[in-house]
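If you want the building blocks of each chain, they are given just below.
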Amino acid sequence: MKRTPLDDSFKVNRNPVTLREIVLDKLRSAIMNFQLLPGDRLVERDLCDRLGVSRTSVREALRHLESEGLVEFADAKGPRVAIITLEDARDLYELRAALEGLIVQLFTLRAKPKHIRALEKALAVNRQTLEAGDLTQVLDSVQGFYDVLLEGSGNQVAATQLRQLQARISYLRATSVSQENRRGASNQEMERMVEAIKSGDPQAAFQASIDHVHAAAQVALAYLQAKQEGSAKVRDMIEPLPTPLPALER
């Protein structure tokens, strides 16, 4: 994956009230946008200079990113951008399929008209950002789509569990949607999901959600396999993920 150079936009404009959140957002975005790559060392002094903030702010942000699974303190050399292995990625996609499948079913059964309208709007925004091609905007639009699903599902426990995985899911999502052959298909799969929801069919919505996750998994796992082994022989890693849950009945 090609590295995008860090530029002046990486530097923080000071705001004492939200400084910690700004530093956290800057570092998270740099990882998501591949300005910082898996395995890159995160030297506090260098980050302080680049961001223009104190070491305390940087250290707090790194610890938070560790809790999200984006940074790891693997050895005495200090923190680095986390390396998501093939096994980690497969586990995450299996769990994502289970949680999102449940969320989509519950949304189909419980969503109010305002949630349906918001979901259609989020889908349209996603289509527009895909056409524009900016990765950050694409990721934000996809997250906006899922935020609507989480709100309308009415299950805060499932929503909380999915949000705890959000950073790593978003990183893998960035890996898949950065591949040119994935972008158009992704929105079409989301359209199928929305149509099933609008028709009031939780089984079809469930299946559309699972198919969407499986398609994303194939692309991301194939990419990670090729990076790890330098080979296009990825068949064993991209077998279909198991269907995680039966569809809910009305």
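Residues numbered from 1 in each chain as written. Predicted model: local features only at pLDDT ≥ 70, side-chain atom pairs only at ≥ 80, totals over all residues. Heavy atoms only, no water.

Let's shift gears to the overall build of the chain. Helices and strands together make up the secondary structure of the chain, namely 10 helices and two strands. Mapped in sequence order, the helices and strands of the chain form the string α-α-α-β-β-α-α-α-α-α-α-α. Among the 250 residues that make up the chain, the fraction classed as buried is 48%. Expressed as a percentage of contacts within the chain between residues at least 6 apart in sequence, the contacts between residues at least 24 apart total 74%. When the accessible area of the chain is evaluated, it comes to approximately 12,600 Å², of which 50% is carbon and sulfur surface. (Helix = DSSP H or I, 4+ residues; strand = E, 2+ residues; numbered from the N terminus. Buried < 20%, exposed > 50% of the residue type's maximum accessible area, 1.4 Å probe, protein only. Contact = heavy atoms within 4.5 Å. Areas by Shrake-Rupley, 256 points an atom, 1.4 Å probe, with all protein chains shown as cover.)

Our next topic: the packing of helix α2 (residues 44-51) against helix α3 (residues 55-68). Running from amino to carboxyl end, α2 crosses α3 at an angle of 110°, the nearest separation of the two axes being 9 Å. Taken as axis vectors, α2 and α3 run roughly perpendicular relative to one another. The way α2 lies across α3 gives a crossing that is right-handed. Counting all contacts with α2, which are made through Glu44, Arg45, Leu47, Cys48 and Leu51, the residues of α3 involved are Arg55, Val58, Arg59 and Leu62. (Axes fitted to C-alpha atoms, helices over the stretch in contact; angles between N-to-C directions. Parallel < 35°, antiparallel > 145°, perpendicular 65-115°, else oblique. Left-handed = near helix turned anticlockwise from the far one by under 90°.)

Given a rise of 1.5 Å per residue, 14 residues ought to cover 20 Å, and the 20 Å separating the end C-alpha atoms of α3 matches this to within 8%. On its buried side, α3 packs onto α1 (19-32), α2, β1 (71-75), β2 (78-81) and α8 (166-177). Just past α3, the residue Gly69 takes up positive phi, approximately 85°. (Expected span 1.5 Å × (residues − 1).)

Our next topic: the pattern of salt bridges. On inspection of all chains with the given rule, the structure shows 12 salt bridges. The shortest N-O distance in the salt bridge between Glu68 and Arg28 comes to 2.7 Å. Pair noted here: Glu68 is in helix α3 and Arg28 is in helix α1, with a separation of 40 residues, a long-range link. What makes Glu68 buried here is its relative accessible area of 13%. Two residues, Arg127 and Glu191, come together in a salt bridge whose shortest N-O distance is 3.0 Å. (Salt bridge = Lys/Arg side-chain N within 4 Å of Asp/Glu carboxyl O.)

This next bit is on helix α6 (residues 135-153). For α6, built from 19 residues, the straight-helix expectation of 27 Å at 1.5 Å per residue is met to within 8% by its first-to-last C-alpha distance of 27 Å. You can read the cap of α6 off the contacts: a side-chain oxygen lies 3.3 Å from the backbone nitrogen of Thr136, and it is on Asp134. At the C-terminal side of α6, Gly154 shows a positive phi close to 75°. (Polar contact = N/O pair within 3.5 Å; in protein donor to acceptor, adjacent residues only side chain to side chain.)

Right, let's get into the nonpolar core. The biggest cluster of nonpolar side chains holds 73 residues, and the ones touching the most others in it are Leu27, Ile31, Leu51, Leu119, Phe145, Leu149 and Ile197. The dominant element in this core, judged by the number of residues it contributes, is helix α10 (residues 202-229), at 11 residues. (Core = buried A, V, L, I, M, F, W, Y, C linked by side-chain atoms within 4.5 Å.)

Inspection of the secondary structure assignment puts Arg80 in strand β2. Apart from residues lying up to four places away in sequence, Arg80 is in contact with Gly39, Asp40, Arg41, Leu42, Leu70, Val71, Glu72 and Ala74. Polar side-chain contacts of Arg80 include one of 2.7 Å to the side chain of Glu72.

Attention now moves to the pairing of β2. Note: β1 against β2, three bridges, orientation antiparallel. Within the sheet, the bridge partner assigned to Glu72 lies in β2 and is Arg80. (Pairing = 2+ DSSP bridges.)

Within the secondary structure, Ala82 is located in the loop between β2 and α4 (86-110). Separated by 16 residues in the primary sequence, Ala82 and Glu66 place their C-alpha atoms 8.3 Å from one another. Setting aside chain neighbours within four positions, we find Ala82 in contact with Pro38, Gly69, Leu70, Val71 and Glu72.

Let's shift gears to the packing of aromatic side chains. Overall, the coordinates contain two aromatic pairs when judged by the stated rule. For the ring pair Phe34 and Tyr171, a centre distance of 5.7 Å and an interplane angle of 70° mean the geometry is edge-to-face. Taken together, the positions of Phe34 in the loop between α1 and α2 and Tyr171 in helix α8 put the pair 137 residues apart, joining distant regions of the chain. Given a relative accessible area of 9%, Tyr171 falls into the buried group. Centre to centre, the rings of Phe145 and Tyr146 are 5.5 Å apart; their planes meet at 80°, and the pair counts as edge-to-face. Across this residue pair, the class does not change: Phe145 and Tyr146 are buried. (Phe/Tyr/Trp six-rings, centres within 6.5 Å; stacked < 30°, edge-to-face > 60°.)

This part covers the confidence of the model for the chain. In the predicted model, the chain carries a mean pLDDT of 85, and 86% of its residues have values of at least 70. Below pLDDT 50 for its whole length, residues 231-239 participates in 13 contacts with residues either more than four positions away or in separate chains. (pLDDT = per-residue confidence, 0-100.)

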